[in-house]
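Single-letter residue listing:
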Amino acid sequence: KAGVTQTPRYLIKTRGQQVTLSCSPISGHRSVSWYQQTPGQGLQFLFEYFSETQRNKGNFPGRFSGRQFSNSRSEMNVSTLELGDSALYLCASREEGYLEQYFGPGTRLTVT
Amino acid sequence: EDKVVQSPLSLVVHEGDTVTLNCSYEVTNFRSLLWYKQEKKAPTFLFMLTSSGIEKKSGRLSSILDKKELFSILNITATQTGDSAVYLCAVGGSARQLTFGSGTQLTVLP
């Protein structure tokens, strides 16, 4: 099976802009989670989607949002970008009923 | 709030050494503890442990969970330079999401 894919892999944006990141899960995996990874904070949970519904949300401001489509692909959006949003954004998928998550290669976002 | 603490934060060893990485946790309604290896990019899944006292092994890597004392260890024997990575510990609780520790940076010198 193909692994989790994320696009784009690298992105440079300016403060105040918005960005959309995309994630395609492993075939058959209906749960998709998003994480932000920074050197200072480590891996922090953003949200989880299952069957097009947000099932869990981490402690991030409303500027961070996401959605999931009927084919389980997911997107996350960050509006009004701040310098502190520079991070590696990781998407992970899992099969329902299983706890192990499988990560994509990430999108490296740099905000200038 | 679920919490995961890993130690040490970093470790430098020579090839052939054995290392032990530690992970302690506090979680509501523990379901699982997972270990991941992260090199330059995505974390790759190593082990998932749900039962106390049962060792999981994969080649030179092994891990065990102590649910009474709320910790897990990851052992790597006969280390190689390819083992250099950040090792992440995560726990799954009632919220179904994973809470990650800050990781242990392992550097294996030739």
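One can find the structure itself at the top, above this paragraph.
Before going into details, it helps to say that this report is about the structure given with it. (Residues numbered from 1 in each chain as written. Chains lettered and ligands numbered in written order. Predicted model: local features only at pLDDT ≥ 70, side-chain atom pairs only at ≥ 80, totals over all residues. Heavy atoms only, no water.)

## So, the sheet that holds strand β8 (residues 74-78) of chain A
All names here are of chain A.
Stage number 1. Spatially, four strands are ordered β1-β3-β8-β7 in an open sheet, and the strand pairing comes out antiparallel. Across the chains shown, the open sheet's two edge strands, defined by having one partner strand only, are β1 (5-7) and β7 (64-68). Each strand axis lies, on average, 20° off the axis of its neighbour in the sheet, ignoring direction.
Stage number 2. Where β1 meets strand β3 (residues 19-24), three bridges bridge the pair, whose relative direction is antiparallel. (Pairing = 2+ DSSP bridges. Helix = DSSP H or I, 4+ residues; strand = E, 2+ residues; numbered from the N terminus. Axes fitted to C-alpha atoms, helices over the stretch in contact; angles between N-to-C directions.)

## A closer look at the interface of chain B and chain A
Stage number 1. Listed by partner, the interface residues are 16 residues for chain B and 16 residues for chain A.
Stage number 2. Carbon and sulfur atoms supply 59% of the area that chain B and chain A bury against each other, a total of about 1,500 Å² over both sides.
Stage number 3. Of all residues in chain B, the largest losses of buried area upon contact with chain A belong to Arg96(B), Gln97(B) and Phe100(B), amounting jointly to 33% of the total for that side.
Stage number 4. Linking chain B with chain A are zero salt bridges.
Stage number 5. Linking chain B to chain A there are two residue pairs in polar contact (both at pLDDT 80 or more).
Stage number 6. At the level of elements, β4 (32-38), β5 (43-49) and β10 (98-100) of chain B are the ones that each hand at least two residues to the side of chain B that touches chain A.
Stage number 7. It is β4(B) that contributes the most residues to the side of chain B that touches chain A, four residues altogether.
Stage number 8. Considering only residue class, the side of chain B that touches chain A consists of 10 nonpolar, three polar and three charged. (Contact = heavy atoms within 4.5 Å. Buried area = accessible area lost by both parts, 1.4 Å probe. Salt bridge = Lys/Arg side-chain N within 4 Å of Asp/Glu carboxyl O. Polar contact = N/O pair within 3.5 Å; in protein donor to acceptor, adjacent residues only side chain to side chain. Nonpolar A, V, L, I, M, F, W, Y, C, P; charged D, E, K, R; others polar.)

## As for the pattern of salt bridges
Stage number 1. A full pass over the atoms with the stated rule returns nine salt bridges over all chains.
Stage number 2. The partner of Arg94(A) in a salt bridge is Glu48(A), and the shortest N-O contact between them spans 3.0 Å. Here Arg94(A), found in strand β9 (residues 87-94), pairs with Glu48(A), found in strand β5 (residues 42-50); they are 46 residues apart in sequence, far enough to count as distant.
Stage number 3. Given a relative accessible area of 3%, Arg94(A) falls into the buried group.
Stage number 4. For Glu48(A), a relative accessible area of 1% translates into the label buried.
Stage number 5. Residue Lys37(B) pairs with Glu39(B) through a salt bridge whose shortest N-O separation is 3.9 Å.
Stage number 6. The exposure class assigned to Lys37(B) is buried, which follows from its relative accessible area of 14%.
Stage number 7. Each of Glu48(A), Arg55(A), Arg94(A) and Glu96(A) takes part in salt bridges that share partners, so that together they form one network. (Buried < 20%, exposed > 50% of the residue type's maximum accessible area, 1.4 Å probe, protein only.)

The quantities given are spatial measurements derived from coordinates; they are silent on function.
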